[in-house]
Amino acid sequence: MSPKVKARLEQVFFSLLLLSLGSLAFGITALTNLSLMSLALIGLLIITKKEWSKSLKDPIALSFWLFFFVYLFSIAYSCNSESAWRNIETKMSFLIAAPILRAYQERLKQAQLQRALKAFILGTAAALIFLLFYATFRSLQAGSFSYPSPGGTYKLYFFLYESFSEAVMHPGYISLYIGIAFIGSLFLVNESYWPKKLVIPLLALYTLGLLLLQGRMTIIALGLSLGIWILVRLIKSRNWRSFALFSGIGLITILGASQFAPKSLSERYLAFPDFSYDISGDEFNSATYRLAEWRCAWDGIKDAPVFGYGAGCGQVELFRRYEKLGFWEGLERQYNAHNQYLETWLSTGLVGLSALLLMLFTIVYLSTKEGNYFLLYALLFFALCLSTESMLERAWAVVLFNLIFPLFVNLRPRSRA
């Protein structure tokens, strides 16, 4: 292949990468799959043997491969091979995306990585604007902000939760995209890679989106990640006066909001949840649903702690535990464990859980080494979200994880660029 053709293919590769990142939040499966397949094919053509050799030794690529192959190996003892292969298909990008992106990494300049991050941020904002217009259209068409549920027992609102996000994906996943885009926007403006006058409206849009999507855990995870980010910066700079001021403002804000916020918002985001529940009953809140799911998941894990039940059968076993412990609501609604760590442990045992934790640790280690605090806090946010959602069981989060974290490891702050 001539150098001219290779150069053209490299341009196409980067353009497809921008397209993939910019369109992810729209949840268009066909477009995402097509762009990722094209990226993989072109990557195979333009990446050299030397680059492949480095990729095969790269900790990120190796840890992603390990996670994938643990799941693949578990098919040998899975109770349902068809379900197992569907699970493997969902996780296929762990096998393909990370090695290609890591092999291509040395060709990417800092300016290109910044463009790629901007593509993701703006694409997520565009998806959110689309949802606002779509909800407005549906509301005007219905002549109301709400419509009756299928059973007619309660109202659904066009601008809230699943009704708001259904045109693209589940609200928990689009909230995940928004949280990472929020952290990325702050990184770009903090490093003067983007002007404040552009980022402030973006952050306002993202905040509105998170409130409408009612992503309580996402908001908590984002708040914790950003709070830790600010505290670490203040402690490093030994700015104790600002540290005390920030802590005081945070405490006053929480107390003030709990007293003066509208009842609907305070009950959703500020009220301390009631953790008492009857597992066989039908009265649950978001916290007690998860407590019941985690209890059933742990009951299953105890009987197969090392290797689990196999890909595709962790969920089957979870349903058995729902029946055994009388969690009829979970069985009827076919809920998963709502915790990726437990979900992985249930399917692939301690072996799989260790592979998952190793993958996260590898990203933390390399991000810290590069001084890449964007990826560090994005991963902290993602890891917190994994504690209340089984994110890596759906392609929406799997593809996001496999594009963002291997790609942006080498994105550096201005002081190290």
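Attention in this report is confined to the structure presented alongside it.

About the cut-offs
Residues numbered from 1 in each chain as written. Predicted model: local features only at pLDDT ≥ 70, side-chain atom pairs only at ≥ 80, totals over all residues. Heavy atoms only, no water. Helix = DSSP H or I, 4+ residues; strand = E, 2+ residues; numbered from the N terminus. Rg over C-alpha atoms; globule rule 2.2 N^0.38 Å. Buried < 20%, exposed > 50% of the residue type's maximum accessible area, 1.4 Å probe, protein only. Contact = heavy atoms within 4.5 Å. Areas by Shrake-Rupley, 256 points an atom, 1.4 Å probe, with all protein chains shown as cover. Axes fitted to C-alpha atoms, helices over the stretch in contact; angles between N-to-C directions. Parallel < 35°, antiparallel > 145°, perpendicular 65-115°, else oblique. Left-handed = near helix turned anticlockwise from the far one by under 90°. Nonpolar A, V, L, I, M, F, W, Y, C, P; charged D, E, K, R; others polar. Core = buried A, V, L, I, M, F, W, Y, C linked by side-chain atoms within 4.5 Å. Phe/Tyr/Trp six-rings, centres within 6.5 Å; stacked < 30°, edge-to-face > 60°. Lys NZ or Arg CZ within 6 Å of the ring centre and 35° of its normal.

1. Remarks on the overall build of the protein chain
A tally of helices and strands in the protein chain yields 19 helices and 2 strands. Taken over C-alpha atoms, the radius of gyration comes to 22 Å for the protein chain, in line with the 22 Å a tight globule of 417 residues would show. Looking at the protein chain as a whole, 50% of its 417 residues are labelled buried. Of all intrachain contacts in the protein chain linking residues separated by at least 6 positions in sequence, the fraction that spans at least 24 positions is 75%. When the accessible surface of the protein chain is summed, it comes to about 20,200 Å², and 65% of that surface belongs to carbon and sulfur atoms.

2. Describing the packing of helix H1 (residues 3-23) against helix H2 (residues 29-46)
Close contact between H1 and H2 brings their axes to 9 Å; oriented N to C, the two are set at 150°. If you check the angle between H1 and H2, you find them roughly antiparallel. For the pair H1 and H2, the sense of crossing is left-handed. Between H1 and H2, the contacting residues are Lys 6, Leu 9, Glu 10, Val 12, Phe 13, Leu 16, Leu 17, Leu 19, Ser 20 and Ser 23 on the first element and Leu 31, Ser 35, Leu 36, Ser 38, Leu 39, Ile 42, Gly 43, Leu 45 and Ile 46 on the second. Here the residues of the contact of H1 with H2 are counted per class, giving 12 nonpolar, 5 polar and 2 charged.

3. Some details on the environment of Arg 295
Take Arg 295: it is sitting in helix H14 (residues 286-301). Spatially, the C-alpha atoms of Arg 295 and Arg 321 are 9.1 Å apart, while their sequence positions differ by 26 residues. Ignoring anything within four residues of it in the chain, the contact list for Arg 295 reads Tyr 277, Ile 279 and Leu 325.

4. Quick look at the nonpolar core
By size, the foremost hydrophobic cluster in this structure holds 125 residues, and its most contacted members are Leu 21, Tyr 206, Phe 374, Phe 401 and Phe 408. If near-sequence neighbours (up to four positions away) are discounted, Leu 21 is found in contact with Ala 116, Ala 119, Phe 120, Leu 403, Ile 404, Leu 407 and Phe 408.

5. Some thoughts on the packing of aromatic side chains
Ring pairs (aromatic) are described by centroid distance and by the angle formed between their planes. Scanning the entire structure with this criterion turns up 31 aromatic pairs. A centroid spacing of 4.9 Å and a plane angle of 45° characterise the contact between Phe 401 and Phe 405, whose relative ring orientation is tilted. Here the residue Phe 401 and the residue Phe 405 both occupy positions in helix H19 (residues 395-407), the gap between them amounting to 4 residues, near one helical turn. Across this residue pair, the class does not change: Phe 401 and Phe 405 are buried. Here the aromatic residues Phe 64, Phe 67, Tyr 71, Phe 94, Phe 382, Phe 401 and Phe 405 are joined through ring pairs into a cluster of three or more. Its end group placed over the ring of Tyr 71, Lys 91 keeps NZ or CZ at 4.6 Å from the ring centre.

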